[in-house]
Protein chains: 2
Amino acid sequence: MSKLQELLAVLDEQVKATAGHVYNYTVPDLWNCFDYQGEELRKTPWGELVVNPYRFYRDAIRHFIRPKAGTGAGPGADAGWGEPLSRHQAVEPGLEGGDWIKRSTVYSMMVRTSTAWDHDRSGNLEDDNLYGLKETGTFVKSLALLSLLHKMGVTCVYLLPISKFSLNDKKGELGSPYGVSSFFKLDPGLKDPITGPGFSVEDEFRAFVEACHILGMHVMIDLIPRTNSVDSELVIDHPDWFYWIRHEALGQYRPPYVPGLGIQIRPKAEFLPVIYQSSEVRHHLASFMENPKDADPGKWEELLAFIRDNPGQRVMETVQKWFGLTVAPAFSDQINDPQPAWNDVTFFRMYLDHPVAAVPLLDRAYAPYILFDVIKSNLFQGKVRNEPLWELLEGIIPYYQEHFGIDGARIDMGHALPRELVERIIQSAREVDPQFCFIAEEMEIERAASSRELGYNMILGDGFIQEPRVLEYRTHRYFYGARHLPCPVYACGETHDTPRLASREGGRDLSRMLTIMNLFMPNGVPFINSGQEVFELQPMNTGLDCRPNEAYLLDPKDPYYGRLALFDRYALHYLNAGRWELPDQLAWLAGLRRDHLATFTCLDNVTPLGFNSPRDPGIAFGFNDDDKRGRMVQEDSVFVVVANTDVHNPQYLTVHLQPLRQATGNSARKGLQLFSSHGLAREVHDYDTHGNLSMSFQPGEVKIIRM
Amino acid sequence: MSKLQELLAVLDEQVKATAGHVYNYTVPDLWNCFDYQGEELRKTPWGELVVNPYRFYRDAIRHFIRPKAGTGAGPGADAGWGEPLSRHQAVEPGLEGGDWIKRSTVYSMMVRTSTAWDHDRSGNLEDDNLYGLKETGTFVKSLALLSLLHKMGVTCVYLLPISKFSLNDKKGELGSPYGVSSFFKLDPGLKDPITGPGFSVEDEFRAFVEACHILGMHVMIDLIPRTNSVDSELVIDHPDWFYWIRHEALGQYRPPYVPGLGIQIRPKAEFLPVIYQSSEVRHHLASFMENPKDADPGKWEELLAFIRDNPGQRVMETVQKWFGLTVAPAFSDQINDPQPAWNDVTFFRMYLDHPVAAVPLLDRAYAPYILFDVIKSNLFQGKVRNEPLWELLEGIIPYYQEHFGIDGARIDMGHALPRELVERIIQSAREVDPQFCFIAEEMEIERAASSRELGYNMILGDGFIQEPRVLEYRTHRYFYGARHLPCPVYACGETHDTPRLASREGGRDLSRMLTIMNLFMPNGVPFINSGQEVFELQPMNTGLDCRPNEAYLLDPKDPYYGRLALFDRYALHYLNAGRWELPDQLAWLAGLRRDHLATFTCLDNVTPLGFNSPRDPGIAFGFNDDDKRGRMVQEDSVFVVVANTDVHNPQYLTVHLQPLRQATGNSARKGLQLFSSHGLAREVHDYDTHGNLSMSFQPGEVKIIRM
């Protein structure tokens, strides 16, 4: 039986067991895009629904997800939904090898946050609320959220890390899921008590993946092979995979300063002599120690025995106490980056010797050390691969494929991994599922070609930095420029590391404009960052492009003021005024996109359009149907998508249509405004004598016209 | 067994029956001034408590009220608490005959509103919430609220009408409790389902009165003998007690215009010729009809039989249908008052003939009619008393005394009742309880003497109009002037009919200053209007002194925007920021007042104090102990209470102390600031060379100094 069916059965039992109980348990109405019909349902005026939780989540499966699983409903008949989605979908020609991502709309979610809610309204996001249920997010609760994603046309769910992470010396209230301590265990914090002890968090994740697949959504995870928690569970068996310093030196530990190079410099081979001459660097190198096992094998054996006998003991604490050693924290790979060391994570030793290029520069023998060159093991390799580690790392994705049926992964800091290791990781996954998709955490679009070469299907890009900068025309450059790249980039204005669009200059007008336009960026994969759809203001992390007050954008009376989802208990503002605006617009646009998917996502079908002047704040693209390119085509297959990127002023814009008319042969002088972010559908007669579209736009308005 | 003990037993049963049930039921933390200890208690950051309702209200009785009932706890031992409080308290010399009110602090509450709460947070104040419990106020829930009143030093609870009122053609969502339809039934809307069907609303009210008495609080009700609902239950047996018009004329019915007299004129004998010459008046008089019983006794008998056989039928509707007649609505007793007719109430026929003074002015025979003279039956009497009506009216209070043990009453529109009737009402009550207190709804303080003569213990006064008008020095006049009146007035800045103090010019600073100073107004009885203690902004009714936008003072997003407690489902803003400020200050002041009650409430003990100039914004009174007047007294019995009535600016004020020093012999040059509304207790050395107090005050600050 599929895990989703098992989960349904478990919840069904609970619904029966709790018959007659009164639940004052609320969910945001946005979680109910499946028309929940529980007779106990009460709607509050502010957008919360009072429901029986067991029944609500059960019905999300029973009435929304399961009916889409197709016929043949006997137990096990649909067990296949736990397989990668590629086994259920025919591969479109030209989209082999994971390129299905080109047709996707991605939703980035952090399970812990995206379905967090103060269900009992006690004022806290409890692990064990009034009803013994969990208020931070879980896979089970995410099944209801999938109805919102489905409505918005999402076809790929990208999950921020879901693996077990370290809870020692954790950042914030809960710790960051990027400090992975065990690749092959899931975060036990995601386990939902609603299913009872008989159902594991692994079961719940598998049920979630099945549900996504049934809804036609791929599932991608975040793989973090370069770093690991400083108290990684791998330390016990493999102390030699890590870098060690004296525990007492931890307080002084920081990235060494290299004089004469400026700040935030990417390491290059020619800098190495300067780096290794720095006295701070030499001092830094000298602080590294042999790993405890090699330093005293006998004592290490004793320690292992002690740990076995005292399973409650924290391993790293014991090592620190017995050996006076600790794992060295990681830091930025950029020289003279002002960031302090990342205290919660460390780097793996990719090679068991020093970088080849560095060896001649060393004045004496050093224990394995972390330095800018060592970190960037794509550029600076040793001679002796850490083969057992590489084998472990290339086995992670196959584990998630086999156990959970995931469809893709983003490789975190892949740019700092040895090229061969990346290739092996990609190859191992594609052996299991040839359609497995890889996304490179590569922000520099100039490196798109080399990523593509390595086997990645797409790169991140830096839309979240470019797109919001309307006044600098960086929005224009990004939108018009992406089509020249050898692989897609994310069409996105925010990520979990950046400011929220709604908090940028232009606020909701900017967010609405970009969120919609991203569905139409040539060579862009639309990417929605959880919370973006309700104009969330507070970033999840202040990692990239943030202002000094970025974590303090909420009303100081807001319970989440100053909290960051990546570290703290955090619930998105699903009750925001206007919460249905973007979901409703996206729902309509998703229908259009679905009906004309190739039209909008094949680069061959797009014609970039200009305005009277390159300084005009408009962005426009023409689209026409694949098959009919260059021939007289039917009216209903030529579309113009235009945005007024001026989010403060109305604008009168003239879209020059000649290139589109040439490409399509369309000479229509009337059209239909199918969509406006600010208005209604209407007939369009606003053509000038040259046949160009001349229309007025509200600030940030996006219009779609069928010619 | 006392009803309170029965109620305790009922709730105790419920606590047992609901063991293990989870209740997500909230109350404002202000309702818990009894340190509720339920283990299920959760406190939300915004001031709501999540509790098991059965246990919460039970514990209010068990742990807060009952322990104060004294020893001898056997069932029935304390049944006496249902008797008037005078049977439990020795009458202080000089305070006989209901004058205990002079020592009281009164809290005016409307049960339906004062304990209304959206307990299940569904967004509505339901009669039957998620737990089958009532969300508008009830006597049972008021038992918890009593802990707040007790904390604030309240010793008399004045209840807005609690009798059954008409639900036909009701104003607002719930109708006004001033449209009484049955004197001898309680409003069934106040019944709390928490006690189940075996316990009546009468039982609950009796338990409430017992609880008040145990806490040393008198209970007063509002008696409305002049008017009654237009579909009064008395119509069936006594159609001749009412005025009738054709039903079809109801739409045009309004107070007739009298030319040549100006607007809002009190009727006087000399105006009668002008009134009766008005053509509109004659037209108005002609619209009245004989009552249906006398018009067609046979048909009336049939109607009575029909009503008996069809108990679901609305009486007045049937009369309208069968006879084409209806009871005439009441209207203002002032000539040419712009108010329209009061559609929900009518006047009783106090006399069965026309006013004696009017008879010579009538051009022909008229059916009994309502007119300005008829309404003011204190001034314009007929010859034939409606004796059965008078007997009924004088029996109302004895009924409430005997069944519920009430201690006093306010007579609504007593100024429009025949003097003899008022005397009979007062006498009947005093026969049952010689200490029964009567308050006249008399706003004109010049009439205090005649009210006192009639047997009233105090009059309303017009503090709610005078006190807020600081800039016009009407505050000064009211505070300094009241001590010359022959009976006390309310020391109050707002009532259920007026704007809220917190919404007046000066806002919270004004409200705080007056609420505190009212405890010290010579000859004033402190009066707190429910909600005043949490700076409620929205009035309960817009009857007096209101601005055009008075009903729209809340945030338009507030669920009670535009709602008025007198007509609509309304809950006070118990979660207001600063909600504990006034209760905490009042609690401290109540202790001081209790310890020196005679000092602060005997007129003999007060010395009004002046400032450098009569234009100074200060108000000050000196108080010293009763027994020690005119002799050297101990330091700790001479108090100065000073307010800066300037609610916008800090002021440096010099209080001239000579009169107090003369009266008391106190010559101290140092004192102790016991209290400040804006600061802490401290030693005071701020005396000038004349021995006067020279101190700076924050805007609206009140200080109490012991000399």
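Predicted model, so just to flag it, every value in this text is computed and none were measured.

Student: I'm lost on the overall build of chain A in this one. Help?
Tutor: From N to C terminus, chain A includes 21 helices and 26 strands. Projected onto the principal axes, the alpha-carbon positions of chain A cover approximately 85 × 70 × 50 Å. Among the 707 residues that make up chain A, the fraction classed as buried is 63%. If you sum the accessible surface of chain A, you get close to 25,900 Å²; carbon and sulfur atoms cover 51% of it.

Student: Can you help me understand the packing of helix H17 (residues 507-517) of chain B against helix H18 (residues 581-595) of chain B in this one?
Tutor: When two helices pack together, their arrangement is given by the angle between the helix axes and by the axis-to-axis distance. Residues and elements named next belong to chain B. The N-to-C vectors of H17 and H18 enclose an angle of 20°; their axes lie 11 Å apart at closest approach. Between H17 and H18, the angle falls in the class roughly parallel. The handedness of the crossing between H17 and H18 is right-handed. Across from Ser511, Arg512, Thr515 and Ile516 in H17, the residues of H18 making contact are Glu581, Leu582, Gln585, Leu586 and Leu589. When the residues that make up the contact of H17 with H18 are grouped by side-chain class, the tally is four nonpolar, three polar and two charged.

Student: Sorry if this is basic, but what is going on with unusual backbone geometry here?
Tutor: What is expected of a backbone is that most residues other than glycine have negative phi and most peptide bonds are trans. Positive phi is not limited to glycine here, since Arg121 of chain A has a value of about 55°. Residue position: Arg121 of chain A is located in the loop between helix H3 (111-114) and helix H4 (139-151).

Student: So what exactly am I meant to see when it comes to the relation of the copies chain A and chain B here?
Tutor: For these two chain copies, the linking operation is a rotation about an axis paired with a shift along it. Screw-axis analysis of chain A against chain B gives a translation of 0.0 Å along the axis, an RMSD of 0.1 Å, and a rotation angle of 180°. In symmetry terms, the pair is related by a two-fold rotation axis. Among all C-alpha atoms of chain A, that of Asn24 of chain A lies closest to the rotation axis, at 2.9 Å. Taken as a fraction of all interface residues of chain A, those also at the interface in chain B reach 100%, which identifies the copy contact as same-surface.

Student: When you look at the pairing of strand S7 (residues 180-186) of chain B in this model, what are you seeing that I'm missing?
Tutor: Along any regular strand, the residues point their side chains to alternate faces of the sheet. Residues and elements named next belong to chain B. In terms of burial, S7 is largely enclosed, as five of its seven residues are buried. When strand S6 (residues 163-165) meets S7, the two strands line up antiparallel, connected through three bridges. By the bridge assignment, Ser163 is partnered in S7 with Leu186.

Student: Help me understand the interface of chain A and chain B, please; the structure alone is not making it clear to me.
Tutor: Interfaces are often sized by the accessible area lost when the parts come together. Of the residues lining the interface, 19 residues belong to chain A; the matching set on chain B comes to 19 residues. Roughly 1,500 Å² of surface becomes buried between chain A and chain B when both sides are summed, with 52% attributable to carbon and sulfur atoms. Remark: the boundary between chain A and chain B carries four salt bridges. In this structure, the salt-bridge partner of Arg42 of chain A is Asp120 of chain B, at a minimum N-O distance of 3.6 Å. Linking chain A to chain B there are eight residue pairs in polar contact (both at pLDDT 80 or more). Each residue belonging to the side of chain A that touches chain B can be placed in one class, and the counts come to seven nonpolar, five polar and seven charged.

Student: Looking at this structure, how should I read the sheet that holds strand S12 (residues 325-327) of chain B?
Tutor: Sheet strands associate in pairs through backbone hydrogen bonding, adopting either a parallel or an antiparallel arrangement. Residues and elements named next belong to chain B. A sheet is described by the order of its strands in space; here three strands give the open sequence S11-S10-S12, paired in antiparallel fashion. In this open sheet, the two edge strands, each paired with only one partner strand, are strand S11 (288-289) and S12. As paired elements, strand S10 (residues 244-246) and S12 share three bridges and run antiparallel to each other. Of the residues in S12, the one forming a bridge with Trp244 is Val327. Against the sheet, helix H10 (residues 315-323) contacts S10 and S12, and its axis sits at roughly 145° relative to S12.

Student: Looking at this model, I keep getting lost on the sheet that holds strand S19 (residues 606-609) of chain A. Mind explaining?
Tutor: Residue and element names in this part refer to chain A. Spatial strand order, S19-S20-S21-S26-S23-S24: six strands in an open sheet with antiparallel pairing. Both edges of this open sheet fall to S19 and strand S24 (682-684), since each of them pairs with a single strand only. For this sheet, the mean inter-axis angle between neighbouring strands, taken without regard to orientation, is 25°. Relative to strand S26 (residues 702-706), strand S21 (residues 638-644) runs antiparallel, the two being bridged by five bridges. Paired with Val642 across the two strands is Lys703, which belongs to S26. Its contacts with the sheet put helix H19 (residues 581-595) on S21, strand S23 (671-676) and S26, and the angle it makes with S23 is roughly 135°.

Student: In this structure, what is going on with the confidence of the model for chain A? I would like to understand it.
Tutor: Keep in mind that low pLDDT regions are not for reading the predicted coordinates in detail. Confidence along chain A averages 94 in pLDDT terms, with 97% of residues attaining 70 or more. When the criterion is pLDDT under 50, residues 629-633 of chain A qualifies, and its contacts beyond four places in sequence or with other chains add up to 15 contacts.

Student: Any chance you could explain the environment of Phe520 of chain A here in plain terms?
Tutor: Residues and elements named next belong to chain A. Secondary-structure assignment places Phe520 in the loop between helix H18 (507-517) and strand S18 (524-529). Phe520 sits 100 residues away from Ala620 along the chain, and the two C-alpha atoms are 9.5 Å apart. If we skip the residues at most four places from it in the chain, Phe520 touches Leu589, Leu592, Phe600, Phe621, Phe623, Val641 and Ile704.

Student: Sorry if this is basic, but what is going on with the side chain of Asp99 of chain A here?
Tutor: Residues and elements named next belong to chain A. Within the secondary structure, Asp99 sits in the loop between helix H2 (53-65) and strand S4 (106-109). You can call Asp99 buried: its relative accessible area is 4%. Polar contacts involving the side chain of Asp99 include one to the side chain of Arg452, which spans 2.7 Å.

Student: Help me understand the pattern of salt bridges, please; the structure alone is not making it clear to me.
Tutor: Here the idea is simple: oppositely charged side chains can pair when their charged atoms come close. Scanning the entire structure with this criterion turns up 94 salt bridges over all chains. The partner of Arg410 of chain B in a salt bridge is Asp412 of chain B, with the nearest N and O atoms 2.7 Å apart. For the residue pair Arg410 of chain B and Asp412 of chain B, the accessibility class agrees, reading buried in each case. Salt bridges here are not isolated pairs; linked through shared partners, they connect Asp12, Lys16, Glu39, Arg55, Arg58, Asp59 and Arg62 of chain A.

Student: Looking at this model, I keep getting lost on the packing of aromatic side chains. Mind explaining?
Tutor: How two aromatic rings sit relative to each other is set out by the distance from centre to centre and by the angle between their planes. Per the stated rule, a full pass over the model turns up 79 aromatic pairs over all chains. Summarising the aromatic geometry, the rings of Phe139 of chain A and Phe208 of chain A are spaced 5.6 Å apart at their centres and angled 45° between planes, so their arrangement reads as tilted. One end of the pair, Phe139 of chain A, is in helix H4; the other, Phe208 of chain A, is in helix H5 (residues 201-214), with 69 residues separating them in the sequence. Judged by its relative accessible area of 0%, Phe208 of chain A falls in the buried class. Each ring, one from Phe205 of chain A and one from Phe404 of chain A, has its centre 4.8 Å from the other, and the planes form 50°; the classification is tilted. Taken together, the residues span a long stretch of sequence, with Phe205 of chain A in helix H5 and Phe404 of chain A in helix H13 (residues 387-404) at a distance of 199 residues. Taken as a pair, Phe205 of chain A and Phe404 of chain A share a single burial class, namely buried. Among the aromatic side chains, those forming a connected cluster through ring pairs are Phe139, Phe184, Phe205, Phe208, Tyr399, Tyr400 and Phe404 of chain A. The ring of Phe323 of chain B has Lys299 of chain B sitting right over it, with the charged end atom 4.9 Å from the ring centre.

Student: I tried to follow the packing of helix H10 (residues 297-309) of chain A against helix H11 (residues 315-323) of chain A on my own but got confused; where do I start?
Tutor: Residues and elements named next belong to chain A. Between H10 and H11, the shortest axis-to-axis distance is 11 Å and the interhelical angle comes to 145°. In the packing of H10 onto H11, the handedness of the crossing is right-handed. Residues Lys299, Trp300, Glu302, Leu303, Phe306 and Ile307 of H10 lie in contact with H11, whose contacting residues are Val315, Thr318, Val319, Trp322 and Phe323. Of the residues in the contact of H10 with H11, the class split is eight nonpolar, one polar and two charged.

Student: Would you mind showing me how to read H19 of chain A here?
Tutor: In an α-helix, one full turn covers 3.6 residues, which means residues spaced three or four apart are oriented alike. Taking 1.5 Å of rise per residue, 15 residues should cover 21 Å, and H19 of chain A covers 22 Å from first to last C-alpha, within 8% of that figure. Those residues of H19 of chain A lying buried are Leu582, Pro583, Gln585, Leu586, Leu589, Ala590, Gly591, Leu592 and Arg593 of chain A.

Student: When you look at the environment of Ser142 of chain A in this model, what are you seeing that I'm missing?
Tutor: All names here are of chain A. Looking at where Ser142 falls in the secondary structure, it is placed in helix H4. For Ser142, a relative accessible area of 1% translates into the label buried. For Ser142, the residues in contact, after removing those within four places along its chain, are Met109, Val111, Thr115 and Phe208.

Student: Can you walk me through the side chain of Asn523 of chain A in this structure?
Tutor: Residue and element names in this part refer to chain A. As for its position among the elements, Asn523 is in the loop between H18 and S18. Separated by 3.0 Å, the side chain of Asn523 and the backbone oxygen of Ala482 make a polar contact. If near-sequence neighbours (up to four positions away) are discounted, Asn523 is found in contact with Ala482, Arg483, Leu485, Cys487, Pro488, Val489 and Leu603.

Student: How should the state of the cysteines be read in this particular structure?
Tutor: By definition, a disulfide is the covalent link that joins the sulfur atoms of two cysteine residues. All names here are of chain B. Throughout the structure, instances matching the rule amount to zero disulfides over all chains. Looking at Cys33, it has no disulfide partner, and the nearest cysteine sulfur is the one in Cys212, 15 Å off. On the accessibility criterion, Cys33 (22% relative accessible area) is partly exposed.

Student: How do you make sense of the environment of Tyr399 of chain B when you look at a structure like this?
Tutor: All names here are of chain B. You can see Tyr399 is positioned in helix H12 (residues 387-404). Distance in space between the C-alpha atoms of Tyr399 and Ala643 is 44 Å, their sequence separation being 244 residues. Excluding anything up to four places from it in sequence, Tyr399 contacts Phe184 and Phe404.

Rules and cut-offs
- Residues numbered from 1 in each chain as written.
- Chains lettered and ligands numbered in written order.
- Predicted model: local features only at pLDDT ≥ 70, side-chain atom pairs only at ≥ 80, totals over all residues.
- Heavy atoms only, no water.
- Helix = DSSP H or I, 4+ residues; strand = E, 2+ residues; numbered from the N terminus.
- Buried < 20%, exposed > 50% of the residue type's maximum accessible area, 1.4 Å probe, protein only.
- Areas by Shrake-Rupley, 256 points an atom, 1.4 Å probe, with all protein chains shown as cover.
- Axes fitted to C-alpha atoms, helices over the stretch in contact; angles between N-to-C directions.
- Parallel < 35°, antiparallel > 145°, perpendicular 65-115°, else oblique.
- Left-handed = near helix turned anticlockwise from the far one by under 90°.
- Contact = heavy atoms within 4.5 Å.
- Nonpolar A, V, L, I, M, F, W, Y, C, P; charged D, E, K, R; others polar.
- Least-squares fit on C-alpha atoms with pLDDT ≥ 70 in both.
- Pairing = 2+ DSSP bridges.
- Buried area = accessible area lost by both parts, 1.4 Å probe.
- Salt bridge = Lys/Arg side-chain N within 4 Å of Asp/Glu carboxyl O.
- Polar contact = N/O pair within 3.5 Å; in protein donor to acceptor, adjacent residues only side chain to side chain.
- pLDDT = per-residue confidence, 0-100.
- Phe/Tyr/Trp six-rings, centres within 6.5 Å; stacked < 30°, edge-to-face > 60°.
- Lys NZ or Arg CZ within 6 Å of the ring centre and 35° of its normal.
- Expected span 1.5 Å × (residues − 1).
- Disulfide = S-S within 2.5 Å.

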